[in-house]
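# Notes for the structure review
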Amino acid sequence: MRVVTTAQPLDVQPTPLALLLLGREADPKSERGVECPGDLPSPSDPDLVARARAAKEKLGDKVFILGHHYQRDEVIEFADVTGDSFKLARDAAAKPEAEYIVFCGVHFMAESADILTGDDQKVVLPDLAAGCSMADMATAEQVAECWDVLTEAGVADATVPVSYMNSSADIKAFTGKHGGLICTSSNAKRALDWAFEQGEKVLFLPDQHLGRNTAVRDMGMSLDDCVVYNPHKPNGGLTAEDLRGAKMILWRGHCSVHGRFSLDSVNDVRDRIPGVNVLVHPECKHEVVAAADYVGSTEYIINTLEAAPAGSKWAIGTELNLVKRLANRFAPEGKEVVFLDRTVCFCSTMNRIDLPHLVWALESLAEGTLVNQIQVDKETESFAKLALERMLALP
């Protein structure tokens, strides 16, 4: 005889780790700007694909869609060009006939596009909530206060600001106004070489890791040459003596995605995958960069995998959308590509630009309604463009 019993509920609560592994809850240790739900968001309603195609076709040459490498696949599908933030802004500037520039990225990227494009072009960000936690870590007021601290310490006149592309238009304008320039992760060393020809010190904004890694790894400085300015502490948490002795004054900012990777991540993947090549972005922590086999920008990561031999194994320390796309792309060539960390994390602000938001923006434009325009005021644009032009003039 078959006996059927009624299961009694157990007084057991699943742990955050268990929920994470099940893909049902975010990593409790993740910071704003990062989500670790166990997988990437599911694709949007497939009916939206047809609507996006129809709206884009109706707009024709009037619209130019830019897709950052970290965007979802469903958005990248409709991008006219893909790339990193500065490449996309330059691509937009090279398309003067396009009335609308739809930037599938985050806010500071759309600002850069507005700065570089013509006055008659309109830059649209499909979701205004798509920001950047790193860019938000340095406000114009905080940076102005920092400059006052440097002035009181007697080092401002000898300091050249260098700001990473991943910064707000206000910070770019401050940089231009104070004799500095912008850099990307590809040309950071060239930008710092130029800055040290102009002055004795550099104030590097807003990513401390890119500044430190470039100075120490690429330029031969020591960690002791670097100090970190914390805008949430009086005088940045530094003494006048600290500032006078430093060559690199690093802003206490970081990328919330790249900052998650740790030395444990590197050691773990080497244990799990013998012969793996570890390839990371220079926004990662210094100890991660020091332990990696290859370090470079997003474009460098893509180019390195393109040139890699079949059968090679790669652990990539950058945003998950791109890593999964690269894994799928190179699998037919026998290249194994994995995410550096065991935990599945993505940039939640980048992922805000989904197909529903893109369709809404395109359909609105097709109907003659301008939505979510990103505009930089003329004074800010003038000084920000000056900082960008100094970068463009680098040898």
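For clarity, every value in this text was computed on a predicted model and none was experimentally measured.

## With respect to the environment of Leu-362
- Structurally, Leu-362 can be placed in helix H16 (residues 355-366).
- Relative accessible area serves as the criterion here: at 0%, Leu-362 is assigned to the buried category.
- Sequence separation between Leu-362 and Val-124 is 238 residues, and the spatial gap between their C-alpha atoms is 9.6 Å.
- Ignoring anything within four residues of it in the chain, the contact list for Leu-362 reads Ala-52, Ala-55, Leu-59, Val-63, Ile-65 and Val-102.

## Comments concerning the nonpolar core
- Val-102, Val-162, Phe-204, Met-248 and Val-280 are the most contacted members of the largest nonpolar core, which has 113 residues in total.
- For this core, the element with the most residues is H16, which contributes 7 residues.
- Look past the residues within four positions of Phe-204 in its chain and what remains in contact with it is Val-162, Cys-183, Leu-192, Leu-210, Gly-211, Met-248, Ile-249, Leu-250 and Trp-251.
- One finds Cys-146, Val-149, Leu-203 and Tyr-229 within the second-largest nonpolar core, a separate group that totals 20 residues.

## Considering a negative patch on the surface
- Taken together, the side chains of Glu-141, Asp-170, Asp-377 and Glu-379 make up a negatively charged region of the molecular surface.
- Tracing the backbone shows Asp-170 in helix H8 (residues 169-177).

## Here we look at the pattern of salt bridges
- In total, this model carries 18 salt bridges according to the counting rule given.
- With its nearest N and O atoms 4.0 Å apart, the salt bridge here joins Glu-74 to Arg-72.
- For Glu-74, a relative accessible area of 11% puts it in the buried group.
- Arg-72 gets classed as buried once you look at its relative accessible area, which sits at 12%.
- Note that Arg-217 is salt-bridged to Asp-218, the shortest N-O span being 3.2 Å.
- When its relative accessible area of 43% is taken as the criterion, Arg-217 is described as partly exposed.
- On the basis of relative accessible area, Asp-218 is assigned to the partly exposed category, the value being 35%.
- Through salt bridges with shared partners, one network takes in Asp-119, Lys-378 and Glu-381.

## Focus: the sheet that holds strand E11 (residues 277-280)
- Here 4 strands make up an open sheet; going across it, the order is E12-E11-E13-E14 and the pairing parallel. At either margin of the open sheet sits one strand with a lone partner, and together these are strand E12 (294-295) and strand E14 (336-339).
- Two strands pair when backbone bridges link them, and E11 and strand E13 (residues 313-317) are joined in this way by 4 bridges, in the parallel orientation. Across the sheet, residue Asn-277 finds its bridge partner in E13, namely Trp-314.
- Contacting E13 and E14, helix H15 (residues 320-330) crosses the sheet at an angle of about 165° to E14.

## Considerations on unusual backbone geometry
- In this structure, the amide linkage connecting Leu-205 to the following residue, Pro-206, adopts the cis form with an omega of -20°.
- Along the chain, Pro-206 falls in the loop between strand E8 (201-205) and helix H10 (208-218).
- Even without a glycine there, the phi angle at Asn-235 is positive, about 55°.
- Positionally, Asn-235 belongs in the loop between strand E9 (226-229) and helix H11 (240-245).
- The phi torsion at Asn-372 lies on the positive side, around 50°, for a residue other than glycine.
- You can call Asn-372 buried: its relative accessible area is 18%.

## Section: helix H2 (residues 47-59)
- In this model H2 runs 19 Å from its N-terminal to its C-terminal C-alpha over 13 residues, within 8% of the 18 Å that 1.5 Å per residue would give.
- Of the residues making up H2, those classed as buried are Leu-48, Val-49, Ala-52, Ala-55, Lys-56 and Leu-59. Seen along its axis, H2 keeps its buried residues to an arc of 135°; they face one direction. Seen from the buried face of H2, the exposed residues on the opposite side, beyond 90 degrees, are Asp-47, Glu-57 and Lys-58.
- At its buried positions, H2 is contacted by strand E2 (63-68), strand E4 (100-104) and H16.
- Downstream of H2 by a residue or two, Gly-60 has a phi angle that is positive, lying close to 60°.

## A word on the packing of aromatic side chains
- Taken as a whole and assessed by the stated rule, the structure comprises 4 aromatic pairs.
- Here the aromatic rings of Phe-261 and Phe-339 are separated by 5.5 Å at their centres, their planes lie at 70°, and the arrangement is edge-to-face. Here Phe-339 lies in strand E14 and Phe-261 lies in the loop between strand E10 (248-251) and helix H12 (263-272), a separation of 78 residues in the sequence.
- Ring geometry for Tyr-294 versus Trp-314: centroids 5.4 Å apart, planes at 45°, classification tilted. Here the residue Tyr-294 occupies a position in strand E12, and Trp-314 occupies one in strand E13, the gap between them amounting to 20 residues.
- Here Tyr-294 falls in the partly exposed class, since its relative accessible area comes to 31%.

The rules behind these values
Residues numbered from 1 in each chain as written. Predicted model: local features only at pLDDT ≥ 70, side-chain atom pairs only at ≥ 80, totals over all residues. Heavy atoms only, no water. Helix = DSSP H or I, 4+ residues; strand = E, 2+ residues; numbered from the N terminus. Buried < 20%, exposed > 50% of the residue type's maximum accessible area, 1.4 Å probe, protein only. Contact = heavy atoms within 4.5 Å. Core = buried A, V, L, I, M, F, W, Y, C linked by side-chain atoms within 4.5 Å. Patch = residues over 30% accessible without salt bridge, like charges linked within 9 Å, V, L, I, M, F, W, Y side chains within 5 Å. Areas by Shrake-Rupley, 256 points an atom, 1.4 Å probe, with all protein chains shown as cover. Salt bridge = Lys/Arg side-chain N within 4 Å of Asp/Glu carboxyl O. Lys, Arg positive; Asp, Glu negative; His and termini not counted. Charge placed at Lys NZ, Arg CZ, Asp CG, Glu CD. Pairing = 2+ DSSP bridges. Axes fitted to C-alpha atoms, helices over the stretch in contact; angles between N-to-C directions. Expected span 1.5 Å × (residues − 1). Arc of directions from axis to C-beta. Phe/Tyr/Trp six-rings, centres within 6.5 Å; stacked < 30°, edge-to-face > 60°.

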